[in-house]
Structures are given as C-alpha cells and as structure tokens.
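# Structural description and commentary
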Amino acid sequence: MVNIFSGRATRYLSEKIAVSYGKKLGDVKFTDFSDGEFQPSYEENIRGNDIFIIQSTFPPSDNLFELLLMVDAAKRASAKHIVAVIPYFGFARQDRKDKPRVSIAAKLVANLITAAGVNRIITIDLHADQIQGFFDLPVDHLFASSIFIPYIRQMHIPNLVFASPDTGGTRRAAAYAKIMEVPFVICYKQRTKPNQIDDMALIGDVKGKDVILLDDIVDTATTLTKAAKLMEENGASSVRAFVTHPVLSASACEKIEKSVFKEIFVTDTIPQRCQNNKIKVLSCADMLADVIGRVHRHQSISSIFKF
C-alpha cells in the first residue's frame, strides 16, 4: 500500500501530486512548541506500507530538519519503505571544496538523510550530477526537460537557439539542442565572489535568433539577466529562459521585471515568491506522481526521458 505525505513547505505541490496520483494526502500533524521546536506525527497506520514523503529543502534549514523528523517518525512507525521526494535539493551548490576550510554541505545533507532512515531518493535537476554518488542508496534523478521540451515544441519558436548562461551548463544546453536539432551557444563568465560577475562573453552566434537560456537554478538572477542582455546586444530577436528551481532571492524579481526577457518559465519545486508578469510556472506534479507510481510498481523510470 502507498501513503503520500507532505512536509509543510511543499504542501502546495504535494496536493497537486496527490490529485494526479489519485490518492488523498496522508494525515500528518505538526506540533509547534513555544521555544521553536516542532514535532510531526502520523495520524494513521503506516505499518508495512510504502511511504513517500514530499518536501523540498530550500531555506530555512527547518524544512530539511522537518523532512528528517518525518523520516524518523515513519521508520519508528514500522513503514516498509521510506522514499524521500525532494523536488528541490537544498545545499546542492556546496558540492565540493572550492577553497580551503569549507564544508561540503551537499554530502553532509546526504549523510543526514541516509542516517534518518530513507530507502530511496527522488529529486529533480540536481545542481551537480555527482551528488547522486553522495548516497549509498538508490537516487532517481529526474529532469525538468521532460516538462520543458514538450512545452517548447508547442511554442513553435522560429530560429530557435539554446544558450547556457555559464560554461557549467554546457551539457544541458547541448542536450536540449540535440533533441530539438538546433544550435546552442555558451556564455563565459568570470567571478571574484558569489553573486557578483566581473565579466561575461558570448561564445557563438545569436544574431536574428530566438534564444532560450537554460539553467537549473535562478537565485539572485544576476547571471541570467546579464546573459539575456548579452544576447540582445549580440542581435538576438527575442530572449526567453527555462529554469527548473525559482529560488529568487534578494532583488531577483525586480531584476527579471526590468530585464530584456520576454518570458521566464520555471517549475513549482519551490513556491512562487513574487508576482511577476514575465514568470510562468509549469507544474512538475504530474511527472512526480507518475514516478511515484513507477517506483511503487518497480517499473522503469528512464522511459519518461525519451523524446
């Protein structure tokens, strides 16, 4: 038997997943204490069942800790299998030591989730593929391309070219370009510190093209809006973006509103933090509901990503 539960941070998405799956969300109660502690408790029998706990771990860290407590409670309630559905995997950008005396937070989070008692992870567009190797348990790494590519095809954009806002996203842009049989270009940027770009250059030709920028995360939107401006300066006819996780911190919404973007498409792995006419949300609920069903029935997931 399958039970689907939600943490508080991702309730808005979990309700859509449950509807798509055809099952009501499980009953879980959260008790908040005056000192800031909180306690989840399952208000129904889950003994011997397959439990899917949906919770993105975006800041604050309470969201991550809430997931850990829910996993621990499910384990102590004798659930058969516990699957953590983490649409947005927080701390994923801290996946290596890029300077002395810093933590590798993504590995620490993986250790915490494993120690809590999770049997399997389902997540979408990890910032770095290598994070899958931080877990000694199965990780179903889903791709927003299964949502974005069908939508892009329906848009019938002429003179389409894909672009990566930095060299780290080259593989993503190349994959989309191969599927759609169109060219791609790359932005090369130099930073001296996080969220500050000193220089950016374009590798490729976008003159007279309709550009789609691709990225996994839009945080402060500095890189994305600067890349869009660079496309326009190099003769692009229009500039759009498809980004999986809309972190949108600081003045990101204001930057997007003032940018040259025609539209920016994101998913609902993170709740919408601002109202912006340029930002359009495509839901990942149907994809996650499908994957939950496939995991429960021990069916292939890779077929979802064949275009």
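Our subject is the structure listed above.
Notes on the structure in this doc start here. Counting of residues starts from 1 at the beginning of each chain's written sequence and follows it residue by residue. Only residues with pLDDT of at least 70 are given local features in this predicted model, and only at 80 or more are side-chain atom pairs given and counted; all residues enter the totals for whole chains, interfaces and linings. To obtain the side-chain values, all non-hydrogen atoms of the structure were used and water was disregarded.

## Overview of the sheet that holds strand 4 (residues 50–54)
Pairing between the strands of a sheet comes from backbone hydrogen bonds, and it takes one of two forms, parallel or antiparallel. Here, strands pair whenever DSSP counts at least two bridges between them. Secondary structure is summarised from DSSP: a helix means a run of H or I of at least four residues, a strand means a run of E of at least two, and numbering begins at the N terminus for each. Taken in spatial order, the five strands line up as 1-4-5-6-7 in an open sheet, and their pairing is parallel. Pairing within the sheet leaves two strands with one partner each, and these edge strands are strand 1 (2–6) and strand 7 (139–142). For this sheet the average axis-to-axis angle between neighbouring strands, irrespective of direction, equals 15°. With five bridges connecting them, strand 4 and strand 5 (residues 81–86) associate as parallel partners. Bridge pairing links I51 to I82 in strand 5. Residue contacts are defined here by distance: any two heavy atoms, one from each residue, within 4.5 Å place the two residues in contact. Note on definitions: angles span 0 to 180 degrees between N-to-C directions of axes, and those axes are lines fitted to C-alpha atoms, for helices only across the stretch in contact. Relative to strand 5, helix 2 (residues 62–76) is tilted by about 165°, and along the sheet it contacts strand 1, strand 4 and strand 5.

## Overview of the state of the cysteines
By definition, a disulfide links two cysteine residues through a covalent bond between their sulfur atoms. Here, the term disulfide refers to a pair of cysteine sulfur atoms separated by no more than 2.5 Å. Within this structure, the stated rule accounts for one disulfide. A sulfur-sulfur separation of 1.8 Å characterises the disulfide bridge that pairs C253 with C274. Between C253 and C274 the disulfide shows an S-S torsion of about -85°. By sign, it is left-handed. Of this pair, C253 sits in helix 7 (residues 252–258) while C274 sits in the loop between strand 13 (263–267) and strand 14 (279–282), placing them 21 residues apart in sequence. The exposure class of C274 is buried, given its relative accessible area of 14%. Here C284 is not cross-linked by a disulfide; its sulfur's nearest cysteine counterpart is in C274, at 18 Å. By relative accessible area, which is 1% here, C284 ends up buried. Here's how the labels work: a residue is buried when its accessible area is under 20% of the maximum for its type, exposed when over 50%, partly exposed in between, all with a 1.4 Å probe on protein chains only.

## Description of the packing of helix 2 against helix 3 (residues 105–116)
At their nearest, the axes of helix 2 and helix 3 sit 8 Å apart, and the two run at 20° to each other. By the angle between their directions, the pair helix 2 and helix 3 is classed as roughly parallel. Across from L64, L68, V71, D72 and K75 in helix 2, the residues of helix 3 making contact are V109, L112, I113, A115 and A116. Roughly parallel means an angle under 35 degrees; roughly antiparallel, over 145; roughly perpendicular, 65 to 115; everything else is oblique.

## A word on the nonpolar core
For our purposes a nonpolar core is just a set of buried Ala, Val, Leu, Ile, Met, Phe, Trp, Tyr and Cys residues, chained together by side-chain atoms within 4.5 Å. Membership of the largest hydrophobic core comes to 40 residues, with the highest contact counts inside it found for F52, I122, L142, I152, F162 and L288. At seven residues, the largest contribution of residues to this core is made by helix 8 (residues 285–297). In terms of nonpolar packing, the next biggest core, distinct from the first, is built from 34 residues, I51, A79, F89 and I121 among them.

## Comments concerning the packing of helix 1 (residues 11–21) against helix 8
It is the contact of helix 1 with helix 8, at a shortest axis distance of 8 Å, that shows an interaxial angle of 60°. It follows from the interaxial angle that helix 1 and helix 8 lie oblique. Crossing of helix 1 against helix 8: the hand is right-handed. Counted together, L13, K16, I17, S20 and Y21 of helix 1 and A285, D286, L288, A289, I292, G293 and H296 of helix 8 form the full contact between these two elements. A crossing counts as left-handed when the near helix is turned anticlockwise from the far one by less than a right angle, and as right-handed when that turn is clockwise.

## Overview of the side chain of D140
Relative to the elements of secondary structure, D140 occurs in strand 7. The buried category is assigned to D140, whose relative accessible area is 10%. Definition of a polar contact: a pair of N or O atoms within 3.5 Å, with one able to donate and the other able to accept a hydrogen when the atoms are protein atoms, and with sequence-neighbouring residues admitted only if both atoms are side-chain atoms. A polar atom in the side chain of D140 sits 2.6 Å from the side chain of R120. Non-local contacts of D140, meaning those with residues more than four positions away in its chain, are made with R120, I121, I122, T123, V295 and I301.

## Focus on the side chain of N63
If you trace the backbone, N63 turns up in helix 2. Here the side chain of N63 touches F58 through a polar contact of 2.9 Å, landing on its backbone oxygen. Not counting residues up to four positions away in its chain, the partners in contact with N63 are A9, Q55, S56, T57 and F58.

## Points about the pattern of salt bridges
Basic side-chain nitrogens of Lys or Arg form a salt bridge, by our definition, when they fall within 4 Å of a carboxyl oxygen of Asp or Glu. Counted according to the given criterion, the structure contains 13 salt bridges. Two residues, R76 and D72, come together in a salt bridge whose shortest N-O distance is 2.8 Å. Of this pair, R76 and D72 both sit in helix 2, four residues apart, which is roughly one turn of that helix. By relative accessible area, which is 23% here, D72 ends up partly exposed. Between R96 and D95 there is a salt bridge, and its shortest N-O distance comes to 2.6 Å. The class for D95 is buried, based on a relative accessible area of 5%.

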